Amino acid sequence: MKNISKIIVFICAMAFALPHTFAQVSIGVGISANIAPPELPVYEQPECPSDGYLWQPGYWAYDPDGGYYWVPGVWVAPPTRGYLWTPPYWGFEGGAYGFHIGYWGPHVGFYGGLNYGFGYGGEGFYGGRWQGNRFMYNTAAWHINGTVIHNTYINNTYVRNTNRYSFNGPGGANRRPNAGEEAAMRERHIQATSRQMAHQQAARQNKAQFANVNHGHPAAAAMNRVNGRAFNESGHVATMQRQRATQQHQATQQRQQATQQRQHATQQRQATQQHQATRQRQQATQQRQHATQQQHATQQRQATQQRQTQQQRPAQQQRPAQQQQRPAQQRPAQQQRPAQQRPAQPNKQHNGGR
């Protein structure tokens, strides 16, 4: 029972701590840099493309290899109804500039006291408000087409300032979060959506957005939607689309070249393998032919030796027979010779008649 009680207490403690842990992760420092970001550019806001979209102010992001690059302000869809966007900001702490990521939440929290414009004047939010499940747009702060979107109102009492600080700390915005912003920071938050992250990644891939190229004046300061039309600081259609098309074309060419190289390498490997297999088959065929020839030559030598052996055997057998016949032929001659050498005997009848 004691163990079960401990487990229940532990689960309750974790359930109580989860919202705070999630909030701390959502608003933590994502990356740091040794130099301050450029000043915030001044630009025109494009018209809201669709009812329900909220404005995400542009901001400077950082790439360790290329430095700071501008992420254009853009109209985005919130992840859920009733949530507002708290922009990211840079803060100078501990000798470095840390990037505090943005997040979605029921209220707008602390965003470094930076004047992003368009309802984000450095403190609070004046771009609009949720009324039930519908968002009401403040046309005094946001560029809204009233003939298309009718859920609008006008409030000119929000704070206006002209500072262009891009970070919080010495030399930048000198402001700390108030009680309301601290409470908003402790609420449950939702991280940036996948489309927001894709929007930042697209800006990172465009070299014209880097400060070391545009010197603080990005070619695309704002966009009407993610992957939509880009606008420069004056509100005119930016050349980012042409640059993006060029980059896409170059990326396509690179992919095609990589594919061709892989195919060529595959063909070379296949050709090499086929050549090796052909050589192995030829060598095996030659070895079999050589073995067959050797076997045939061996058989021929053996057959020749057998014939020679058989030819030698009759000659050896005839020689004793001939040698045996020679004494038989000589014997009558030897026997006849004594008969011829005997002296002639006198004819008894002849003598008696005498």
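This structure is a prediction, so every number in the text was calculated from the model and none was measured.

### A look at the overall build of the protein
Now for step 1: Broken down by element type, the protein carries 6 helices and 15 strands.
Now for step 2: Counting every position in the protein, which comprises 354 residues, the buried fraction comes to 33%.
Now for step 3: Within the protein, residue pairs in contact and separated by at least 24 positions form 61% of the contacts whose partners lie at least 6 positions apart.

### Section: the confidence of the model for the protein
Now for step 1: Per-residue pLDDT for the protein averages 82, and the proportion of residues at 70 or more is 76%.
Now for step 2: Low confidence marks residues 1-26, where pLDDT is under 50. Its contacts with residues over four positions away, or in another chain, come to 14 contacts.
Now for step 3: Predicted confidence for residues 347-354 stays below pLDDT 50, and this span has 1 contact to residues more than four positions away or in other chains.

### Observations regarding unusual backbone geometry
Now for step 1: A positive phi is found at histidine 215, a non-glycine position, where the angle reads about 55°.
Now for step 2: Secondary-structure assignment places histidine 215 in the loop between helix H4 (211-214) and strand S14 (222-223).
Now for step 3: The class of histidine 215 is exposed, set by a relative accessible area of 64%.
Now for step 4: Unusually for a residue other than glycine, asparagine 227 sits at a positive phi of about 65°.

### Some words on the sheet that holds strand S10 (residues 128-131)
Now for step 1: Spatial strand order, S10-S11-S12: 3 strands in an open sheet with mixed pairing. In this open sheet, the two edge strands, each paired with only one partner strand, are S10 and strand S12 (152-153).

### A short note on the sheet that holds S14
Now for step 1: One open sheet accounts for 4 strands, arranged S2-S5-S14-S15; its pairing is mixed. Each of the sheet's edge strands pairs with one partner strand only, and the pair in question is strand S2 (54-56) and strand S15 (230-231).
Now for step 2: Relative to strand S5 (residues 73-76), S2 is paired through 3 bridges, and the arrangement is antiparallel. Bridged to tryptophan 55 within S5 is tryptophan 75.

### Side note on the pairing of S10
Now for step 1: Burial of S10 is one-sided: the residues Gly128 and Trp130 facing one way are buried, the residues Arg129 and Gln131 facing the other way are not.
Now for step 2: With antiparallel pairing between neighbouring strands as the criterion, S10 and strand S11 (residues 134-138) make up a hairpin whose turn holds 2 residues, including glycine 132 at a positive phi of roughly 70°.

### Some details on the packing of aromatic side chains
Now for step 1: According to the stated counting rule, one finds 24 aromatic pairs in the structure shown.
Now for step 2: Above the face of the tyrosine 153 ring, arginine 129 is positioned so that its terminal group lies 4.1 Å from the ring centre.
Now for step 3: In this structure, lysine 207 packs its charged tip against the face of phenylalanine 210, placed 5.2 Å from the ring centre.

### Topic: the environment of histidine 290
Now for step 1: Within the secondary structure, histidine 290 is located in helix H5 (residues 240-341).
Now for step 2: When its relative accessible area of 44% is taken as the criterion, histidine 290 is described as partly exposed.
Now for step 3: Side-chain polar atoms of histidine 290 contact the side chain of glutamine 294, separated by 2.7 Å.

### Digging into the pattern of salt bridges
Now for step 1: Per the stated rule, a full pass over the model turns up 4 salt bridges.
Now for step 2: Across the salt bridge formed by arginine 204 and aspartate 63, the nearest N and O atoms sit 2.4 Å from each other. You can see arginine 204 sitting in helix H3 (residues 194-205) and its partner aspartate 63 sitting in strand S3 (residues 59-63), a full 141 residues away along the chain.
Now for step 3: The residue arginine 175 makes a salt bridge to glutamate 181 at a minimum N-O spacing of 3.1 Å.

### A word on the side chain of asparagine 224
Now for step 1: One can find asparagine 224 in the loop between S14 and S15.
Now for step 2: Of the polar contacts made by the side chain of asparagine 224, one reaches the backbone nitrogen of arginine 229; its length is 2.8 Å.
Now for step 3: Among residues more than four places away in sequence, those in contact with asparagine 224 are Pro46, Glu47, Pro49, Trp75, Arg229 and Phe231.

### So, the environment of arginine 81
Now for step 1: By the element assignment, arginine 81 lies in the loop between S5 and strand S6 (84-86).
Now for step 2: Residue classification places arginine 81 among the exposed positions, given a relative accessible area of 57%.

### Comments concerning the nonpolar core
Now for step 1: Residues Trp90, Tyr116, Phe135, Tyr137 and Trp142 are the most contacted members of the largest nonpolar core, which totals 53 residues.
Now for step 2: The element that contributes the greatest number of residues to this core is strand S4 (residues 67-71), accounting for 4 residues.
Now for step 3: Residue contacts for tyrosine 116: discarding those within four places in its chain leaves Leu40, Pro57, Gly58, Tyr59, Pro87, Pro88, Tyr89 and Tyr111.

Cut-offs and rules
- Residues numbered from 1 in each chain as written.
- Predicted model: local features only at pLDDT ≥ 70, side-chain atom pairs only at ≥ 80, totals over all residues.
- Heavy atoms only, no water.
- Helix = DSSP H or I, 4+ residues; strand = E, 2+ residues; numbered from the N terminus.
- Buried < 20%, exposed > 50% of the residue type's maximum accessible area, 1.4 Å probe, protein only.
- Contact = heavy atoms within 4.5 Å.
- pLDDT = per-residue confidence, 0-100.
- Pairing = 2+ DSSP bridges.
- Phe/Tyr/Trp six-rings, centres within 6.5 Å; stacked < 30°, edge-to-face > 60°.
- Lys NZ or Arg CZ within 6 Å of the ring centre and 35° of its normal.
- Polar contact = N/O pair within 3.5 Å; in protein donor to acceptor, adjacent residues only side chain to side chain.
- Salt bridge = Lys/Arg side-chain N within 4 Å of Asp/Glu carboxyl O.
- Core = buried A, V, L, I, M, F, W, Y, C linked by side-chain atoms within 4.5 Å.

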